[in-house]
Number of protein chains: 2
Amino acid sequence: MFAVTILGNNSALPMHDRHPTAQVVNLQEQLFLIDCGEGTQIQMNRYKIRRNRIRHIFISHLHGDHYFGLPGLLTSYGLNGRKEDLWLYAPEPLKEILELQFRAAGIMLPYTLHFIPLKSEGILLDDKKLTISCFTVSHRIPCWGFLFKEKEKSLKLNPQKLQEYAIPASFYPRLKAGEDYSAKDGNIIKNEWVTQPAAAPLSYAYCADTAYDEAIAAKIKGVDLVYHEATYLADHEEKAFSRAHSTTRQAANIALLAQAKRLLIGHFSSKYEVLDDFLTEAKGVFENADLALEGATYLVHR
Amino acid sequence: MFAVTILGNNSALPMHDRHPTAQVVNLQEQLFLIDCGEGTQIQMNRYKIRRNRIRHIFISHLHGDHYFGLPGLLTSYGLNGRKEDLWLYAPEPLKEILELQFRAAGIMLPYTLHFIPLKSEGILLDDKKLTISCFTVSHRIPCWGFLFKEKEKSLKLNPQKLQEYAIPASFYPRLKAGEDYSAKDGNIIKNEWVTQPAAAPLSYAYCADTAYDEAIAAKIKGVDLVYHEATYLADHEEKAFSRAHSTTRQAANIALLAQAKRLLIGHFSSKYEVLDDFLTEAKGVFENADLALEGATYLVHR
């Protein structure tokens, strides 16, 4: 499974029972937290997020609606006796803020918190299943997007065919890597007879808070699912511009330019109690669009 | 009206749909916020607190469950265009924490925030209706309780009697202050003929997070309503001691020693999902006790 669960979809402050930004990416039961607005740990309780599976937290920028829930979450991990290391990727000033808070509270976290300051575009995490990289977006203060890319997957074996050709299990890894098998009788068992093509690696891009910026499209080209903020409806383009936010149509246009497969919009302004028009406007530009709704999980698939 | 509304009654972290500490004191529609755990602004939405009536905020200590909701609340005031000054009474390190957060966000609050560091016991606010003072309690880090005391009230006039004795309105303030009235015919109209005794001034004490400390009782002597933390049931007295918290019976004992009229207990440990035993144990020592329940308002009266 590769999926995103929305914990908060409102901009600036909690309103209309919507919460500030937070989302959880699940890649085969490894969880990643992106942004952590106030109340994120409460939302985690509500939506039964297995928070101990989170080892990496990404903070896009230091407007409070994207991180005011973080000190509480980190403290709660400590109170609950977390021992596993935690990696925090965030703009540099957050380090001092957290240190001051822990010092004032007389707290020593019982786990190691690795702070990785976001300084330049590139890969943040590279493990056997995926790479996660950051890219700059256009906001009023330094702000980052995050791109989650699955690694190329190995070929799938066909169990029936393996048996038919009596291929020993010890050779399976080489089959998965694409090799043919030379049988004892000298026959060559071609790889494609016993394997199926690997599923294409999938990708998810989180485009944080940003003004309309076509450069983003190039950075997330061909992504399977893109989350792009859409703080305002299209008739508020000037307001969006002045505050370095985006409208529905601008978000959809980035998805179009990026040739993304699917779009998720969120970070809705509190001025809107009802969100129907957000979806209509986005779909007008990019059909495969959805609202990022709290508690909902969106699959990354093709 | 003099009353306290509970917004959060859980200790350490949000759990069982309970929230970290926050309460609002209402004295004749002037609101005061005591502590501001994560999610306080969300609880204010839920319980329809008229947050713009708050001009003074009191933070007992810098454990996160008592102030992690404050940066969000202060920011939201700004986003909503607050212009009125706000007074914040809190341990000194909070000033630097907030300044760093505002700087990192590139925020200039559109209102003036007066920061008053808590340094010694004494009066923090003295206006025509009340005095608010702070006193030390016993916790792992510097921690303060707050005492709200109504001022002596003036005598109540009896409108019927005023008319009967034809006392001019210009003399009413002097009647309220206790003077007799000399009528034009030389007769003395005794004050007690035309007035009723003033209602007794009421008081509320917030005893924050604290270990059992009998010195507190002397500081809040005769208070009408006391909120005292009761993190644990009585059988966890040793645990309470080691963490500088109190049990139900200890909280009730302070109310007894203080000769308080009524007790409110809160700051319940997350280990307890059901709270019935808290009330039973407290009432066993001090009958007029209540659980501090979220969303409930408790009158300060005699």
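The structure displayed is predicted, hence computed values, not measured ones. Sequence order sets the numbering: in each chain, residues are counted from 1 along the sequence as written. Here chains are named by letter from A upward and ligands by number from 1 upward, in the order in which they appear as written. Reporting in this predicted model follows two pLDDT cut-offs: at least 70 for local features of residues, and 80 or more for side-chain atom pairs to be given and counted; totals over whole chains, interfaces and linings ignore these cut-offs and use all residues. As a rule here, side-chain values cover all heavy atoms of the structure and leave hydrogens and water aside.

A. Summary view of the domain arrangement of chain A. Residue ranges assigned to each domain were obtained from an automatic or database domain assignment. Along its sequence, chain A is organised into domain 1 (2-153 + 202-299) and domain 2 (156-196). Taking only C-alpha atoms, the centre of domain 1 of chain A and the centre of domain 2 of chain A are 43 Å apart.

B. Representation of the packing of aromatic side chains within the structure. Side-chain rings of Phe, Tyr and Trp (the six-membered ring for Trp) are treated as a pair once their centres are within 6.5 Å; stacked means planes under 30 degrees apart, edge-to-face means over 60, and tilted covers the remaining angles. On inspection of all chains with the given rule, the structure shows 28 aromatic pairs over all chains. Judged by centre distance (5.0 Å) and plane angle (10°), the rings of Y206(B) and Y227(B) are stacked. With Y206(B) in strand β14 (residues 203-206) and Y227(B) in strand β15 (residues 225-229), this residue pair connects regions lying 21 residues apart in the sequence. Accessibility classification places Y206(B) together with Y227(B) in one group, the buried group. Every member of this aromatic cluster is reached through a ring pair, and the members are F32(A), F58(A), Y89(A), F146(A), F148(A), Y204(A), Y206(A) and Y227(A). If you follow R82(B) out to its NZ or CZ, it ends over the ring of Y77(B), 4.5 Å from the centre. In this description a helix means any DSSP run of H or I spanning at least four residues, a strand means any run of E spanning at least two, and both kinds are numbered starting from the N terminus. Exposure categories follow from relative accessible area, calculated using a 1.4 Å probe and restricted to protein chains: below 20% of the type maximum is buried, above 50% is exposed, and the middle band is partly exposed. The rule for a charge over a ring is simple: NZ of Lys or CZ of Arg within 6 Å of the ring centre, and within 35 degrees of the ring normal.

C. Region of the structure containing the nonpolar core. I57(A), I59(A), L94(A), I57(B), I59(B) and L94(B) are the most contacted members of the largest nonpolar core, which totals 61 residues. Whether two residues touch is decided by their heavy atoms; if any such pair falls within 4.5 Å, the residues are in contact. Not counting residues up to four positions away in its chain, the partners in contact with I57(B) are L33(B), L70(B), L73(B), L74(B), L86(B), W87(B), L88(B) and Y89(B). Residues belong to a common nonpolar core when they are buried Ala, Val, Leu, Ile, Met, Phe, Trp, Tyr or Cys residues joined through side-chain atoms within 4.5 Å.

D. Focus on helix α3 (residues 93-105) of chain B. Taking 1.5 Å of rise per residue, 13 residues should cover 18 Å, and α3(B) covers 19 Å from first to last C-alpha, within 8% of that figure. Every buried residue belonging to α3(B) is among L94(B), I97(B), L98(B), L100(B), Q101(B), F102(B), A104(B) and A105(B), and all of these are buried. In the core, the buried residues of α3(B) are packed alongside α3 (93-105) of chain A together with α2 (70-79), β5 (86-90) and β6 (113-117) of chain B. Within two residues after α3(B), G106(B) carries a phi angle of roughly 65°, on the positive side. An expected span of 1.5 Å times one less than the residue number is assigned to each helix.

E. The arrangement of the packing of helix α9 (residues 248-257) of chain A against helix α10 (residues 276-285) of chain A in detail. All names here are of chain A. Under this scheme, a helix contributes an axis fitted over its contacting stretch, all axes are lines through C-alpha atoms, and angles between N-to-C directions fall in the 0 to 180 degree range. For the pair α9 and α10, interaxial distance at closest approach is 8 Å and the crossing angle is 35°. In this structure, α9 crosses over α10, and the sense of that crossing is right-handed. In contact with T248, R249, A252, N253 and L256 of α9, α10 contributes F278, E281, A282 and V285. For this scheme, ten residues count as nonpolar: Ala, Val, Leu, Ile, Met, Phe, Trp, Tyr, Cys and Pro. Four count as charged, namely Asp, Glu, Lys and Arg, and the remainder, Gly too, count as polar. Counted by class, the contact of α9 with α10 contains five nonpolar, two polar and two charged residues. Each crossing is labelled by how the near helix is turned from the far one, with a counterclockwise turn of less than a right angle marking it left-handed and a clockwise turn marking it right-handed.

F. Region of the structure containing the pairing of strand β9 (residues 144-150) of chain B. Residues and elements named next belong to chain B. Most of β9 is tucked away: six of the seven residues are buried. Strands are treated as partners if at least two bridges between them are detected by DSSP. With seven bridges connecting them, strand β8 (residues 130-136) and β9 associate as antiparallel partners. Within β9, the residue paired with I132 across the bridge is F148. Sheet topology places β9 next to β14; four bridges connect them, and they run antiparallel. Within the sheet, the bridge partner assigned to K149 lies in β14 and is S203.

G. Focus on the sheet that holds β14(B). All names here are of chain B. Here we have seven strands laid out as an open sheet, ordered β7-β8-β9-β14-β15-β16-β17, and mixed in their pairing. Looking at which strands have only one partner, the edges of the open sheet turn out to be β7 (122-126) and β17 (289-291). When strand polarity is set aside, the average angle formed by the axes of neighbouring strands in this sheet is 20°.

H. Geometry of the relation of the copies chain B and chain A. Only residues with pLDDT of at least 70 in both copies contribute their C-alpha atoms to the least-squares superposition of the copies. When chain B is brought onto chain A, the operation consists of a screw motion whose angular component is 180° and whose axial shift is 0.0 Å, with 0.1 Å RMSD remaining. Taken together, the rotation angle and the small translation identify this as a two-fold axis. Closest approach to the rotation axis within chain B is made by the C-alpha atom of G39(B), at a distance of 2.7 Å. Residue by residue, 100% of the interface of chain B is reproduced at the interface of chain A, so both copies engage with the same surface.

I. Summary view of the pattern of salt bridges. Whenever Lys or Arg places a side-chain nitrogen within 4 Å of a carboxyl oxygen from Asp or Glu, that contact is recorded as a salt bridge. If you walk through the whole model with that rule in mind, you get 24 salt bridges over all chains. E164(A) is the salt-bridge partner of K161(A), the closest N and O atoms lying 4.0 Å from each other. Taken together, the residues K161(A) and E164(A), both in helix α4 (residues 159-164) and three residues apart, mark about one turn of the helix. Note that E150(B) is salt-bridged to K153(B), the shortest N-O span being 3.0 Å. One salt-bridge network, held together by shared partners, links E29(A), R50(A) and R53(A).

J. Inspection of the packing of α3(A) against α3(B) at higher detail. At a minimum axis distance of 10 Å, the contact between α3(A) and α3(B) shows a crossing angle of 165°. In terms of orientation, α3(A) lies roughly antiparallel with respect to α3(B). When you trace α3(A) past α3(B), the crossing you get is left-handed. Residue-level inspection shows P93(A), E96(A), I97(A), L100(A), Q101(A) and A104(A) of α3(A) in contact with α3(B), the latter providing P93(B), E96(B), I97(B), L100(B), Q101(B) and A104(B). Considered class by class, the residues forming the contact of α3(A) with α3(B) number eight nonpolar, two polar and two charged. To sort the angles, those under 35 degrees are grouped as roughly parallel, those over 145 as roughly antiparallel, those from 65 to 115 as roughly perpendicular, and the leftovers as oblique.

K. Highlighting the interface of chain B and chain A. Residue-level contacts link 32 residues of chain B with 32 residues of chain A. One can count zero salt bridges joining chain B with chain A. Here a polar contact is taken to be a pair of N or O atoms separated by no more than 3.5 Å, where protein atoms must pair a possible hydrogen donor with a possible acceptor and residues adjacent in sequence count only if both atoms sit in side chains. For the pair chain B and chain A, the interface holds eight residue pairs in polar contact (both at pLDDT 80 or more). Contributing elements (two or more residues each) for the side of chain B that touches chain A: α1 (40-46), α2 and α3 of chain B.

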